[in-house]
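The chain contents come next:
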Amino acid sequence: MLSYRHGFHAGNFADVLKHSLLTLAINALKQKDKPFVYIDTHAGAGKYSFKSEFAQKTGEYRQGIGRIWSASQPPEEIKDYLAAVRAENTGKQLVRYPGSPQLVRRLIRAHDRLQLSELHSSDYESLQQLFAGDKQVGVAKEDGLERLSKKLPPIQKRGLILIDPSYEVKSDYNKVVEALQNAHRHFATGVYALWYPIIDRAVTDRMLQRMRATEIPKQLRIEHSVSEDGALRGMTGSGMLFINPPWQLQTQAETLLVWLNQALTEGRGTWKVEWLVPEGV
């Protein structure tokens, strides 16, 4: 059940979507002086090398961050994300990539905090070594979904929670809905970001229908597919479902997706930004 390693997929088109949107959300939280906490339920190893056996085996990053990291005229909406990737690479060659924890660590301020959960032994050890001695970061070997509600509401009263399991186990599609329902009861004002893959469209749609049925207000769906459903073996697209998204995120995402779709697929992909559940429903 713990065979998934994100090193195979780091920097792919799905990471580009997830991390560019995550950067926009973190930057929005920084608009207010009060501190916030970033909670990551599936933190992974923290950062990744494209020279590793994992990355070399799949080469997925070449169709993702590899296509855009040196873009000459990217839109404002993606500049801070690209800057964080460049900061991991000292030369002109793309050899390293920041996972969500390392990306967010580069973005937060001195009074903000990270709480990272990871269950895989090897990735947990890498994560722990990466942030050893960093007083702003807490790392725990635990099931992040099971422990989430116990961390809410955070003492900071402001926070962004990222949930992005591997979905290798089909029950994850149900577990994330249950976890979000429970977390929202404890911390209704938090910003939640649920990443999901598009492998079997029917499975994805059922999960989103269950999310809609919770009637949790302010659910924003942002999705990008690089191929038609079922056209490829494996993942053809991915999405992020935000609860309580920052107020500018919808407009920012629309601008971002126009550019990303062209940069990653030469306009052959599809994207959508829509309210799954609007405010006040």
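Bear in mind that the values here come from a model prediction, so they are computed numbers and not experimental data.

(A) Looking closely at the overall build of the chain. Each helix and strand counted, the chain has ten helices and ten strands in total. Computed over the C-alpha atoms, the radius of gyration of the chain is 17 Å, within 12% of the 19 Å expected from 2.2 N^0.38 for a compact globule of 281 residues. Counting over 281 residues, the chain shows a buried share of 55%. Look at the contacts in the chain between residues 6 or more apart in sequence, and 75% of them connect residues 24 or more apart.

(B) Examining the environment of Val-37 more closely. When you line up the elements, Val-37 lands in strand E1 (residues 37-40). Separated by 196 residues in the primary sequence, Val-37 and Arg-233 have C-alpha atoms spaced 37 Å apart.

(C) Spatial organisation of the packing of aromatic side chains. Enumeration over the complete set of coordinates arrives at four aromatic pairs. Aromatic side chains Phe-50 and Tyr-61 sit 3.9 Å apart centroid to centroid with 10 degrees between the ring planes, which places their arrangement in the stacked category. Separated by eleven residues along the polypeptide, Phe-50 in the loop between strand E2 (47-49) and helix H2 (53-58) and Tyr-61 in the loop between H2 and helix H3 (65-68) bring together distant segments of the chain. Between Tyr-167 and Tyr-173 the ring centres are 4.7 Å apart and the planes differ by 45 degrees, which places this aromatic pair in the tilted class. Taking relative accessible area as the criterion, Tyr-167 reaches 4% and is therefore assigned buried.

(D) Molecular detail of the nonpolar core. Ranked by size, the top nonpolar core spans 82 residues in total, and within it Leu-21, Ile-65, Ile-68, Tyr-81, Ile-222 and Phe-242 carry the most contacts. Sort the elements by how many residues they give to this core and helix H1 (residues 13-29) lands first, with ten residues. The contacts of Ile-222, once residues within four sequence positions are left out, are Leu-17, Leu-21, Tyr-196, Ser-238, Gly-239, Met-240, Phe-242, Leu-249, Ala-253, Leu-257, Lys-272 and Val-273.

(E) Representation of the environment of Gln-129 within the structure. Considering the arrangement of structural elements, one finds Gln-129 in helix H6 (residues 121-130). On the basis of relative accessibility, which here comes to 63%, the residue Gln-129 falls in the exposed class. With 83 residues separating them in the primary sequence, Gln-129 and Gly-46 have C-alpha atoms 9.6 Å apart.

(F) Main features of helix H10 (residues 249-265). A rise of 1.5 Å per residue sets the reference length of H10, with its 17 residues, at 24 Å; its end C-alpha atoms lie 23 Å apart and thus fit the reference within 8%. For H10, the full list of buried residues reads Leu-249, Gln-252, Ala-253, Leu-256, Leu-257, Trp-259, Leu-260, Asn-261, Leu-264 and Thr-265. Of the surrounding secondary structure, the elements contacted by the buried residues of H10 are H1, H3, helix H4 (76-87), strand E8 (219-225), strand E9 (237-243) and strand E10 (270-277). Of the residues one or two after H10, Glu-266 is the one with positive phi, at around 55 degrees.

(G) View of the sheet that holds strand E6 (residues 159-163). In spatial order, the strands read E5-E4-E1-E6-E7-E9-E8-E10; together these eight strands make up an open sheet with mixed pairing. Edge positions in the sheet fall to strand E5 (137-140) and E10, since each of these pairs with one other strand and no more. The mean inter-strand angle of the sheet, taken between neighbouring strand axes irrespective of direction, is 15 degrees. Of the pairings in the sheet, the one linking E1 to strand E4 (residues 113-117) comprises four bridges and is parallel in character. Following the sheet pairing, Tyr-38 is matched in E4 by Leu-114. Across the face of the sheet, helix H8 (residues 172-186) comes into contact with E6, strand E7 (191-198) and E9 while running at roughly 175 degrees to E7.

(H) The packing of H1 against H4, seen in detail. The contact between H1 and H4 brings their axes to 9 Å, and the two run at 100 degrees. By the angle between their axes, H1 is roughly perpendicular relative to H4. For the pair H1 and H4, the contacting residues are Asp-15, Val-16, His-19, Ser-20, Thr-23, Leu-24 and Asn-27 in the first and Glu-77, Ile-78, Asp-80 and Tyr-81 in the second. A class-by-class count of the residues in the contact of H1 with H4 yields four nonpolar, four polar and three charged.

(I) Quick peek at the pattern of salt bridges. Applying the stated criterion across every chain, the model contains 16 salt bridges. Measuring nitrogen to oxygen at the nearest pair gives 2.6 Å for the salt bridge that ties Glu-142 to Lys-151. Where Asp-205 meets Arg-221, a salt bridge forms, and the shortest distance between an N and an O atom there is 4.0 Å. With Asp-205 in helix H9 (residues 201-213) and Arg-221 in strand E8, the pair connects residues that are 16 residues apart, well separated along the chain.

(J) View of H9. Helix length check: H9 (13 residues) gives 18 Å between terminal C-alpha atoms against 18 Å at 1.5 Å per residue, within 8%. What H9 keeps buried is the set Arg-201, Val-203, Thr-204, Met-207, Leu-208 and Met-211. Buried residues along H9 cover an arc of 165 degrees about the axis, so they all sit on one side. Summarising the contacts, the buried residues of H9 are in contact with H8, E7, E8, E9 and E10. The N-cap of H9, judged by a side-chain oxygen 3.1 Å from the amide nitrogen of Ala-202 a few residues on, is Asp-200.

What counts as what
- Residues numbered from 1 in each chain as written.
- Predicted model: local features only at pLDDT ≥ 70, side-chain atom pairs only at ≥ 80, totals over all residues.
- Heavy atoms only, no water.
- Helix = DSSP H or I, 4+ residues; strand = E, 2+ residues; numbered from the N terminus.
- Rg over C-alpha atoms; globule rule 2.2 N^0.38 Å.
- Buried < 20%, exposed > 50% of the residue type's maximum accessible area, 1.4 Å probe, protein only.
- Contact = heavy atoms within 4.5 Å.
- Phe/Tyr/Trp six-rings, centres within 6.5 Å; stacked < 30°, edge-to-face > 60°.
- Core = buried A, V, L, I, M, F, W, Y, C linked by side-chain atoms within 4.5 Å.
- Expected span 1.5 Å × (residues − 1).
- Pairing = 2+ DSSP bridges.
- Axes fitted to C-alpha atoms, helices over the stretch in contact; angles between N-to-C directions.
- Parallel < 35°, antiparallel > 145°, perpendicular 65-115°, else oblique.
- Nonpolar A, V, L, I, M, F, W, Y, C, P; charged D, E, K, R; others polar.
- Salt bridge = Lys/Arg side-chain N within 4 Å of Asp/Glu carboxyl O.
- Arc of directions from axis to C-beta.
- Polar contact = N/O pair within 3.5 Å; in protein donor to acceptor, adjacent residues only side chain to side chain.

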